[in-house]
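Chain and residue survey
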Amino acid sequence: MRAAQSGDRAAYERLLREISPLIRALVRRHCSNRADIEEMVQDTLLTLHRVRHTYDPGRPFCPWLAAIAWRRSIDALRRRIRVSKYETPEQGVYETFSDAAANSDLEGVRSAEEVEDLLRLLPARQREALQSLKLKEMTLAEASVASGQSVAALKVNTHRALKTLRGLLEGRKR
Amino acid sequence: MPAMQTDRVIATLAAQLQPVRRLRSPLLRALLWLAVVGAVGGVLIAREVGLGIFLQRFALPRVAVEDVATALTAVTAVIAAFELSVPGHSPRWAVLPVLPFLAWIGASGLGCVRNGLSLHGAEGVAGESPHCFVFIAGASVPLALGLFWMLRRARPIAPLPVAALATLGVAASAAFMLQFFHPFDVTVIDLALHLSAVGLVVLIGILWRRPLLAAD
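Residues numbered from 1 in each chain as written. Chains lettered and ligands numbered in written order. Predicted model: local features only at pLDDT ≥ 70, side-chain atom pairs only at ≥ 80, totals over all residues.

Side note on the overall build of chain B
Worth spelling out the cut-off: Secondary structure elements follow DSSP: runs of H or I of four or more residues count as helices, runs of E of two or more count as strands, with numbering from the N terminus. With C-beta atoms placed from the backbone, a residue is buried if 20 or more other C-beta atoms are within 10 Å of its own, exposed if 12 or fewer are, and partly exposed between those counts. Residues are treated as contacting if the C-beta atoms built from their backbones sit within 7 Å of each other.
Within chain B, the secondary structure is distributed over 9 helices and 0 strands. Along chain B, helices (α) and strands (β) appear in the sequence α-α-α-α-α-α-α-α-α when read from the amino end. Burial analysis of chain B (216 residues in total) assigns 43% to the buried set. For chain B, restricting intrachain contacts to residue pairs at least 6 apart in sequence, the fraction spanning at least 24 positions comes to 85%.

This is the structure in structure tokens:
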């Protein structure tokens, strides 16, 4: 980690690969779903990357790593409870523009300029999430590194952006 | 995200790695903030009001306990906020300011009892209370801006306790400075308004914790 703080990419990649099983074991204490576990592992890696300057080489590495993994697991669990309490999955939210059914909602939009106008109405973080994931087709990890938003925040902001756009389009139809 | 993508995440993070400046020890950064605030506050107090009345009142044991407890609340809360802003530091740091805070409230409460729980200050029912409220809330703003600016460097992964302790620290610092401008025994209303001001500052810090601390 000390080498990684100095910018040694090979050492950093080796470290991340070596600690991934440990992170997986740590988050497995909070969750049994394999997809969720992998998401927590990746979120932990992204957070570790963001706060790597806080590691003090004079202190043990494992408690520092475990604190990040624990926090990200707890955040993911809280998010899941919150979502399941107040939201129901909306079919079609993740439809792409190439999908005929999804495009039917865009009948009112006649040009790319109109879409751009609508995008400008979105809050900055929602617009950034939607553009990165849907328009630039970045992976969640790439979008997270590029935007500084966590994976979870990107998902939430994309979901909200699509919901807001849907509302705006319905408003225009009326 | 499927499991196979974890490898891709690792490769992306490694490819984008840049050297970072290591964060200094939390204790050192806390002491730096306290030293700057102490120096600026000391100069302002020396220029505006002087130490005469404060030292006269400080000779009374109850007032001395109240003043020392207020200052200790500020110091311990700020140190705890810096410690908790870094992953892996014990969550027990959060209880560090509890005793000084209780001593501060206890000593102030004792002052109210000595006043016979009178609602009347020197200038009527509310007395100096509204000024005290404004002083604590107002002085907390610049103090908090400086403190959060330093704390956000750590990008705390658990921003709630950090924000709560940091704002308790700035509110207690402001309340300590108030002792130089408000050198009288507090009434019940004074105490209630002091606590309300501290509560308001802590509440605002908690509500705005994510943008203030650059947390996810």
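Considering the overall build of chain A
For chain A, the count of helices and strands is 9 helices and 0 strands. The order of α-helices and β-strands along chain A, N terminus first, is α-α-α-α-α-α-α-α-α. Of all 174 residues assigned to chain A, the portion counted as buried reaches 29%. Long-range contacts, defined here as pairs at least 24 residues apart, represent 61% of the contacts in chain A between residues at least 6 apart.

Re helix H7 (residues 124-135) of chain A
Burial in H7(A) covers these residues: A:Gln126, A:Glu128, A:Ala129, A:Leu130, A:Ser132 and A:Leu133. Positioned one or two residues after H7(A), A:Glu137 has a phi angle of 55 degrees, which is positive.

Observations regarding the domain arrangement of chain A
All names here are of chain A. Operational definition: Domain extents, as shown, originate in an automatic or database domain assignment. For this classification, Asp, Glu, Lys and Arg are treated as charged, while Ala, Val, Leu, Ile, Met, Phe, Trp, Tyr, Cys and Pro are nonpolar and the rest, including Gly, are polar.
Annotation of chain A at the domain level lists domain 1 (2-86) and domain 2 (100-173). Opposite the 8 residues of domain 1 that make contact, domain 2 presents 5 residues. Of all the elements in the fold, those that place two or more residues in the side of domain 1 that touches domain 2 are helix H3 (34-50) and helix H4 (61-86). For the side of domain 1 that touches domain 2, the element with the most residues is H3, which contributes 5 residues. Each residue belonging to the side of domain 1 that touches domain 2 can be placed in one class, and the counts come to 2 nonpolar, 2 polar and 4 charged.

A few points about the nonpolar core
The following threshold applies: In plain words, the nonpolar core is the set of buried Ala, Val, Leu, Ile, Met, Phe, Trp, Tyr and Cys residues that C-beta atoms within 7 Å link up.
Membership of the largest hydrophobic core comes to 48 residues, with the highest contact counts inside it found for B:Val78, B:Ala81, B:Ala166 and B:Ala171. Sorting the residues of this core by element identifies helix H2 (26-48), helix H4 (61-84), helix H6 (129-151), helix H7 (159-181), helix H8 (188-207) and helix H9 (209-213) of chain B as the ones contributing at least two each. In terms of residue count, the dominant contributor to this core is H7(B) (14 residues). Each residue touching B:Val78, except ones within four places of it in the same chain, is listed here: B:Ala30, B:Trp33, B:Leu34, B:Leu147, B:Ala166 and B:Gly169. If you look at the next biggest cluster of nonpolar residues, it comprises 39 residues, including A:Leu16, A:Leu46, A:Tyr55 and B:Leu13.

Here's the deal with H8(B)
Residues that lie three or four places apart on an α-helix share one face, since the helix turns once every 3.6 residues. For the record, the criterion: Take the residue count of a helix, subtract one, and multiply by 1.5 Å to get its expected span.
With 20 residues, H8(B) should cover 28 Å at 1.5 Å per step; its first-to-last C-alpha distance of 28 Å lies within 8% of that length. Those residues of H8(B) that sit buried are B:Ile189, B:Asp190, B:Leu193, B:His194, B:Ala197, B:Val198, B:Val201, B:Val202 and B:Gly205.

A few points about the interface of chain B and chain A
Of the residues lining the interface, 29 residues belong to chain B; the matching set on chain A comes to 35 residues. Residues of the side of chain B that touches chain A, tallied by class, amount to 18 nonpolar, 6 polar and 5 charged.

A look at the environment of B:Val75
Residue and element names in this part refer to chain B. Tracing the backbone through its elements, the reader meets Val75 in helix H4. Val75 sits in the buried class, given 21 other C-beta atoms within 10 Å. Once the C-alpha coordinates of Val75 and Trp33 are considered, the two residues, 42 residues apart in sequence, prove to be 9.9 Å apart.

Some details on the packing of helix H2 (residues 9-28) of chain A against H4(A)
For any two helices packed against each other, the geometry comes down to the angle between their axes and how far apart the axes lie. All names here are of chain A. Here is the rule we go by: Axis definition: a line fitted to C-alpha atoms, over the contacting stretch in the case of helices. Angles run 0 to 180 degrees between N-to-C directions. Angles are sorted into four bins: roughly parallel if under 35 degrees, roughly antiparallel if over 145, roughly perpendicular if 65 to 115, and oblique for all others. Each crossing gets its hand from how the near helix is turned against the far one by less than a right angle, where anticlockwise is left-handed and clockwise is right-handed.
Between H2 and H4, the shortest axis-to-axis distance is 9 Å and the interhelical angle comes to 45 degrees. The pairing of H2 with H4 is recorded here as oblique in orientation. Pair H2 / H4 crosses with right-handed handedness. In this structure, H2 uses Ile19, Ile23, Leu26 and Val27 to contact H4, whose residues at the interface are Leu65, Ala66, Ala69, Trp70 and Ser73. Looking at the contact of H2 with H4, its residues break down into 8 nonpolar, 1 polar and no charged.

Quick look at the environment of B:Val95
Residues and elements named next belong to chain B. Along the chain, the position of Val95 falls in the loop between H4 and helix H5 (98-114). By C-beta crowding, Val95 is classed as exposed, having 10 other C-beta atoms within 10 Å. Here the alpha-carbon distance between Val95 and Leu165, two residues 70 residues apart in the chain, equals 9.7 Å.

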